[in-house]
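Given next are the chains, with one letter for each unit.
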Amino acid sequence: MTTTFDDLLEANRRYAEDHEGGFDGIARAGVLMVTCMDSRIDPLAMIGLKEGDAKILRNPGGRVTDQVLVAIVLGVSLLQVKRVLVIEHTRCAMASSTEDQVKERIAGFTGTDASWMSIGVIEDQQATVRADVHKVKSHPLVPDSVEVGGFIYDVDSGLLTPVD
């Protein structure tokens, strides 16, 4: 029986042929990254890391949500995370529309009212990155020894720019 996932399962079988496994799940480089789900972002490659080096948390816009804060606390408490990067990016759909526009697009695609959803669009990326960095730094379960930085990733040049 063929499924819509056959190509991905076949690719997974090829991947598994060389997969070593057995890794303990600790962030070997001590890094945790919060970034957008955008497929133009290759989180590990863009900072010179490889599989097993970092914890990667992705969501629309690369936002520090309550669930992301839980993951960060677990990372710094249990998984040897020492540095947290909060990264938004250029040409992000979450930063190029209003909340109502996104809800209208969803409703148009699904045929179902989406006005009840909180999308969390980004009106000012610099301000949002600063606020999200502050959320992490000021969290009572994130020690002051953890370094937290905010950045904007340029999807065209591949460069990260720090947000002060």
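This structure is a prediction, so every number in the text was calculated from the model and none was measured.

## So, the overall build of the chain
For step 1, the next point in the chain: When helices and strands are tallied, the chain shows 5 helices and 5 strands.
For step 2, the next point in the chain: Written out in order from the N terminus, the α and β elements of the chain read α-β-α-β-α-β-α-α-β-β.
For step 3, the next point in the chain: Oriented by its inertia axes, the alpha-carbon framework of the chain measures out at about 55 × 45 × 30 Å.
For step 4, the next point in the chain: Out of the 164 residues in the chain, the part that is buried amounts to 37%.
For step 5, the next point in the chain: Taking all contacts inside the chain whose residues are at least 6 apart in sequence as the whole, residues at least 24 apart take part in 66%.
For step 6, the next point in the chain: Here the chain holds 16 positive side-chain charges and 25 negative ones, and the gap between their average locations is 3 Å.

## So, the pairing of strand β5 (residues 160–163)
For step 1, the next point in the chain: Where strand β4 (residues 147–153) meets β5, 4 bridges bridge the pair, whose relative direction is antiparallel. Each bridged residue has a counterpart across the sheet, and for Gly150 the counterpart in β5 is Val163.
For step 2, the next point in the chain: Where β4 folds back onto β5 in an antiparallel hairpin, the turn is made up of 6 residues, including Gly158, whose phi is positive at roughly 85 degrees.

## Points about a nonpolar patch on the surface
For step 1, the next point in the chain: The grouping of Phe5, Leu8 and Leu9 at the surface amounts to a nonpolar patch, some 310 Å² of accessible area in total.
For step 2, the next point in the chain: Looking at the element boundaries, Phe5 is found in the segment before α1 (6–18).
For step 3, the next point in the chain: Among the residues examined, Phe5 registers a relative accessible area of 51% and is labelled exposed.

## A word on unusual backbone geometry
For step 1, the next point in the chain: Even without being a glycine, Gln80 presents a positive backbone phi close to 65 degrees.
For step 2, the next point in the chain: Along the polypeptide, Gln80 turns up in the loop between α3 (66–78) and β3 (83–89).
For step 3, the next point in the chain: Among the residues examined, Gln80 registers a relative accessible area of 48% and is labelled partly exposed.
For step 4, the next point in the chain: Phi is positive for Arg91, close to 55 degrees, though the residue is something other than glycine.
For step 5, the next point in the chain: In this fold, Arg91 is placed in the loop between β3 and α4 (99–110).

## Observations concerning the sheet that holds β4
For step 1, the next point in the chain: Within the open sheet, the 5 strands sit side by side as β2-β1-β3-β4-β5. Their pairing is mixed. This sheet does not close on itself; its edge strands, each paired only once, are β2 (54–59) and β5. In this sheet, adjacent strand axes meet at a mean angle of 25 degrees when their direction is disregarded.
For step 2, the next point in the chain: Sitting on the sheet, helix α5 (residues 125–137) is in contact with β3, β4 and β5, with an inclination near 160 degrees to β4.

## Re the pattern of salt bridges
For step 1, the next point in the chain: As enumerated under the stated definition, the model contains 9 salt bridges in all.
For step 2, the next point in the chain: For Lys103, the salt bridge goes to Glu99, with nearest N and O atoms at 4.0 Å. Here the residue Lys103 and the residue Glu99 both occupy positions in helix α4, the gap between them amounting to 4 residues, near one helical turn.
For step 3, the next point in the chain: Members of the salt-bridge network, linked through shared partners, are Glu10, Arg13 and Arg14.

How each quantity is defined
Residues numbered from 1 in each chain as written. Predicted model: local features only at pLDDT ≥ 70, side-chain atom pairs only at ≥ 80, totals over all residues. Heavy atoms only, no water. Helix = DSSP H or I, 4+ residues; strand = E, 2+ residues; numbered from the N terminus. Buried < 20%, exposed > 50% of the residue type's maximum accessible area, 1.4 Å probe, protein only. Contact = heavy atoms within 4.5 Å. Lys, Arg positive; Asp, Glu negative; His and termini not counted. Charge placed at Lys NZ, Arg CZ, Asp CG, Glu CD. Pairing = 2+ DSSP bridges. Patch = residues over 30% accessible without salt bridge, like charges linked within 9 Å, V, L, I, M, F, W, Y side chains within 5 Å. Areas by Shrake-Rupley, 256 points an atom, 1.4 Å probe, with all protein chains shown as cover. Salt bridge = Lys/Arg side-chain N within 4 Å of Asp/Glu carboxyl O. Axes fitted to C-alpha atoms, helices over the stretch in contact; angles between N-to-C directions.

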